Amino acid sequence: MSQPHASRHVRSLLTAPVVHDSDLGQIRRLNGDDFPLLKGLSIKRLQLAPGAIREPHWHVNANELGYCVAGKLLLTVVDNGHVVSRFTVTPGQMFFIDNGALHAIENVGDTDAELIIAFSHERPEDFSFHASMGAMTDAVLGNTYDRPAAAFAQRDRDLGSPYLIRRPGPAYVPRDAEFANPHRFDIEAESPAINFPYGQARVSRTQFWPTLKNISMYSIKVPDDGMREPHWHPTTAEMGYVAEGRARMSILDPDGSLDTYLLQAGDVYFIPRAYPHQIEVLSDKIHFLIFFDQPTPGDIGYRLAASALLPDTLAATLGRAEAPDIPLTTVDPLIVRRINPLDPVV
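Source: prediction; values computed, not measured.

Visitor: Looking at this structure, how should I read the packing of aromatic side chains?
Guide: Here a ring pair, both rings aromatic, is described through the centre-centre distance and the interplanar angle of the planes. For the structure on display, the rule yields seven aromatic pairs. Both rings, one in Trp 58 and one in Phe 127, keep their centres 5.7 Å apart while their planes meet at 40°; by these two values the pair is tilted. Linking Trp 58 in strand β5 (residues 52–59) with Phe 127 in strand β12 (residues 126–128), this pair joins segments that are 69 residues apart in sequence.

The structure is reproduced here in structure tokens:
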């Protein structure tokens, strides 16, 4: 099989620019600077060694939606007002952090942890609590915490961000961190919203996770006898991460050019709003994490679209004397069965 051709719609997150790399872990990102097509979405891959913490921080212009690939993590979140949450996430679980909410992510397991994190902005900005503490004088902090200024004399006054920090002691997970929490969603434990022998889709959207704002995600798994039907999203951009497998996508651009490319594990693709596209499976199965810039993504599939047109209109559209015999479809299936051989990969 040939390698994926260079496409403006695709980048690899595994070789994306490095934000941080140390014995504590690694952060790679794809944002509007690295992937110019992105609009309203961006993505990071966060790896944390045991005992490492993604330092407390908050985002200025973006909500955050994370998916745990490996490990056990403890999140602490300070929301607007007096709301504080602590909860764990494990593989297949997700978390949502609102814009401006202080949060820290800690590896509390004994193995490396990995997260795929999407943001609702192509160039997310953030503040670290480390830098915000460094910006204040000893006297100001003393007044804030009802302590003498000398209590804050021995501290790091750096206004930069270390990104990852080391926990000085053993991991501690409060008992209530295992309880249900509105920030956490166990997507892989959910019953699939779309469930066929030839493909399943589990969804995190406001219908099932009311906490979400401005972002959502589908976990789509399709074996080699299925296919994501050709479709478009009327008011929704799509950013997909290939968690497993190999696939082929085609997307039509408004200028009439057709971009067909191959995808493999670790790749990220971006589809602007209303661009028609489809996904074919080239391995035993695929697993895609597909992020959207809306809390409830819209979708128009080719099956329903063709059914909605009168036969003569469809025939004329296809340049035929008669319309092809296609099944009446009143609800798009999202995933269809593959009954024809794959077109050759060139």
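Visitor: What's the story with the side chain of Asp 293 in this structure? I'm lost.
Guide: Relative to the elements of secondary structure, Asp 293 occurs in the loop between β24 (285–292) and β25 (300–301). Polar contacts involving the side chain of Asp 293 include one to the main-chain amide nitrogen of Ala 237, which spans 2.9 Å. Reaching out from Asp 293, the side chain makes a polar contact with the side chain of Arg 273 at a distance of 3.0 Å. In this structure, Asp 293 is in contact with Gly 40, Leu 41, Asn 214, Ile 215, Thr 235, Thr 236, Ala 237 and Arg 273, ignoring residues within four places of it in sequence.

Visitor: Sorry, what's going on with the nonpolar core here?
Guide: Nonpolar side chains in soluble globular proteins generally cluster together in the buried interior. Within the largest apolar cluster, 27 residues are counted, with the highest numbers of intra-cluster contacts made by Ile 43, Leu 65, Met 239 and Phe 291. Put simply, the parts of the chain that give this core at least two residues each are β6 (64–70), β9 (94–97), β11 (113–119), β19 (238–244), β22 (267–271) and β24. Residue contacts for Leu 65: discarding those within four places in its chain leaves Met 94, Phe 95, Phe 96, Ile 116, Ile 117, Ala 118, Trp 209, Leu 212, Ile 215, Ser 216, Met 217 and Phe 291. Core analysis: the second largest hydrophobic core is formed by 25 residues, Met 249, Ile 279, Leu 334 and Ile 335 among them.

Visitor: Can you walk me through the pattern of salt bridges in this structure?
Guide: Opposite charge on two side chains permits them to pair, given that their charged atoms come into close proximity. Within this structure, the stated rule accounts for 16 salt bridges. Lys 72 is paired through a salt bridge with Glu 178; the nearest N and O atoms lie 3.4 Å apart. Of this pair, Lys 72 sits in the loop between β6 and β7 (73–78) while Glu 178 sits in the loop between β13 (164–166) and β14 (184–185), placing them 106 residues apart in sequence.

Visitor: So what exactly am I meant to see when it comes to the pairing of β5 here?
Guide: β5 sits mainly inside the fold: six of its eight residues count as buried. The pairing of β5 with β13 spans three bridges and is antiparallel. Across the sheet, Arg 54 pairs through a bridge with Leu 164, a residue of β13. One ladder, built from three bridges, connects β5 with strand β10 (residues 102–107); its direction is antiparallel. Paired with His 57 across the strands is His 103, a residue of β10. Inspection of the sheet shows β5 paired to β12 by three bridges, in the antiparallel sense. By the bridge assignment, His 59 is partnered in β12 with Asp 126.

Visitor: Hey, could you run me through the pairing of strand β21 (residues 258–263) in this one?
Guide: Within a regular strand, side chains alternate between the sheet's two faces. In terms of strand pairing, strand β20 (residues 247–252) meets β21 through six bridges, oriented antiparallel. Its bridge partner being in β21, Ser 250 is matched across the sheet by Thr 260. Taken together, β20 and the strand that follows it, β21, pair antiparallel across an intervening segment of five residues, in which Gly 256 is found at a positive phi of about 90°.

Visitor: Explain helix α2 (residues 138–145) here, please?
Guide: Structurally, the α-helix is built with 3.6 residues per turn, so residues lying three or four positions apart point the same way. Taken together, the buried positions of α2 are Asp 138, Leu 141 and Gly 142. For α2, the angular spread of buried residues about the axis comes to 105°, placing them on one side. Across α2 from its buried face, at more than 90 degrees, point the exposed residues Asn 143 and Thr 144. On its buried face, α2 sits against α1 (129–134). Looking one or two places after α2, you find Asp 146, whose phi comes out positive at around 60°.

Cut-off values and rules
Residues numbered from 1 in each chain as written. Predicted model: local features only at pLDDT ≥ 70, side-chain atom pairs only at ≥ 80, totals over all residues. Heavy atoms only, no water. Phe/Tyr/Trp six-rings, centres within 6.5 Å; stacked < 30°, edge-to-face > 60°. Helix = DSSP H or I, 4+ residues; strand = E, 2+ residues; numbered from the N terminus. Polar contact = N/O pair within 3.5 Å; in protein donor to acceptor, adjacent residues only side chain to side chain. Contact = heavy atoms within 4.5 Å. Core = buried A, V, L, I, M, F, W, Y, C linked by side-chain atoms within 4.5 Å. Buried < 20%, exposed > 50% of the residue type's maximum accessible area, 1.4 Å probe, protein only. Salt bridge = Lys/Arg side-chain N within 4 Å of Asp/Glu carboxyl O. Pairing = 2+ DSSP bridges. Arc of directions from axis to C-beta.

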